[in-house]
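Read off the chains here:
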Amino acid sequence: MLEDSAADVAGCIDGLEARFPGIKGGLCNEEGKLKGVFNIYLNGENVKYLQGIATPLKDGDEVSIVPAIAGG
Amino acid sequence: MIVDHPGSHFIFVYNTYVFYGRSYITYQGRPLTNKEYLDHWGKWIVLGSRKRLDDLAAKLDLYVEQGVIPCIKYDREPPKKLDLAVKQKLRRRFIDADQDEAVLMECVMCVFCDERQREEVWQILTGLGVGLKAWVYDKETIDLWLPGGILLERWIAQNCSGQDEAEKVRQESQERFREIFKNEDAIYKGWPQQ
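Reading guide: rules and limits
Residues numbered from 1 in each chain as written. Chains lettered and ligands numbered in written order. Predicted model: local features only at pLDDT ≥ 70, side-chain atom pairs only at ≥ 80, totals over all residues. Helix = DSSP H or I, 4+ residues; strand = E, 2+ residues; numbered from the N terminus. Rg over C-alpha atoms; globule rule 2.2 N^0.38 Å. Buried ≥ 20, exposed ≤ 12 C-beta atoms within 10 Å, placed from the backbone. Contact = placed C-beta atoms within 7 Å. Nonpolar A, V, L, I, M, F, W, Y, C, P; charged D, E, K, R; others polar. Expected span 1.5 Å × (residues − 1).

Draft legend 1. Representation of the overall build of chain A. The secondary structure content of chain A amounts to two helices and three strands. When the elements of chain A are put in sequence order from the N terminus, they spell out α-α-β-β-β. A compact globule built from 72 residues should have a C-alpha radius of gyration of about 11 Å, and chain A, at 11 Å, falls within 12% of that. Seen through its C-alpha atoms, chain A measures out along the principal axes to roughly 30 × 25 × 25 Å. Scored against the burial criterion, the 72 residues of chain A give a buried share of 26%. At a minimum sequence separation of 6, the contacts of chain A that also span at least 24 residues come to 45%.

Here is the structure:
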């Protein structure tokens, strides 16, 4: 578990990239859109049902990244 | 009741009424229609070792038997790594297997329910130490089991010996889901899982 102060999910991904270079390429394509390999959840809800990587974050939110094949 | 058949990929936790023909895919005691199933049915995902999930299943069994949690299933073992031949087959279908095959190294537990009661079920899970909060609608999983979906294509790459057999499996998958959902007001019947 990591803490971040990002304003949205995209910022959160950028924060991960700063700490773990290369991770963004595993999550997003060259256009910055999420690939289908991982799902990103905000407080349990897949962000694709919210505003995608533009989904805003607030203090206390939990962002989880889970392989898309989990639960298949 | 924990149902553990060694030949199955999964271990299930069912209420015993399932064995008398009652569906567990219900909300407030009423079976879901096909449309309701697609709109509302899903699962909380729990990741962990086999041992951790066995221990959790034993605790959750009480809630299943009480009818609070409809059903649970979890992996007998983590997904196997894909060998080179399988990855090559997937690449021919424009599916990049390198990115995903190595990252799921734990067993996955699915705690099923209607999303209208999912927060009640979540409170049970978090009370038992589950930290990861991830809700997956079953309609998302269905998409992965349609032609071109990563789960179906992985299964085909691992189990089908040639193109003809692969196409037959894809057509059967398409037909199975078309048949299930052609009448959205019919009661959802599901399909057997192994």
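Draft legend 2. Seen up close, the interface of chain A and chain B. Chain A puts 14 residues into the contact, and the matching count from chain B is 18 residues. At three residues, the largest contribution of residues to the side of chain A that touches chain B is made by strand S3 (residues 63-67) of chain A. Here the residues of the side of chain A that touches chain B are counted per class, giving six nonpolar, six polar and two charged.

Draft legend 3. Layout of helix H2 (residues 50-65) of chain B. All names here are of chain B. Given a rise of 1.5 Å per residue, 16 residues ought to cover 22 Å, and the 22 Å separating the end C-alpha atoms of H2 matches this to within 8%. What H2 keeps buried is the set Leu53, Leu56, Ala57, Leu60 and Val64. Contacts from the buried residues of H2 go to strand S1 (2-3), strand S2 (10-14), strand S5 (41-48), strand S6 (71-75) and strand S7 (107-114). At the exit of H2 stands Gly67, carrying a positive phi of roughly 80°.

Purely geometric stuff here, so don't read any function into it on its own.
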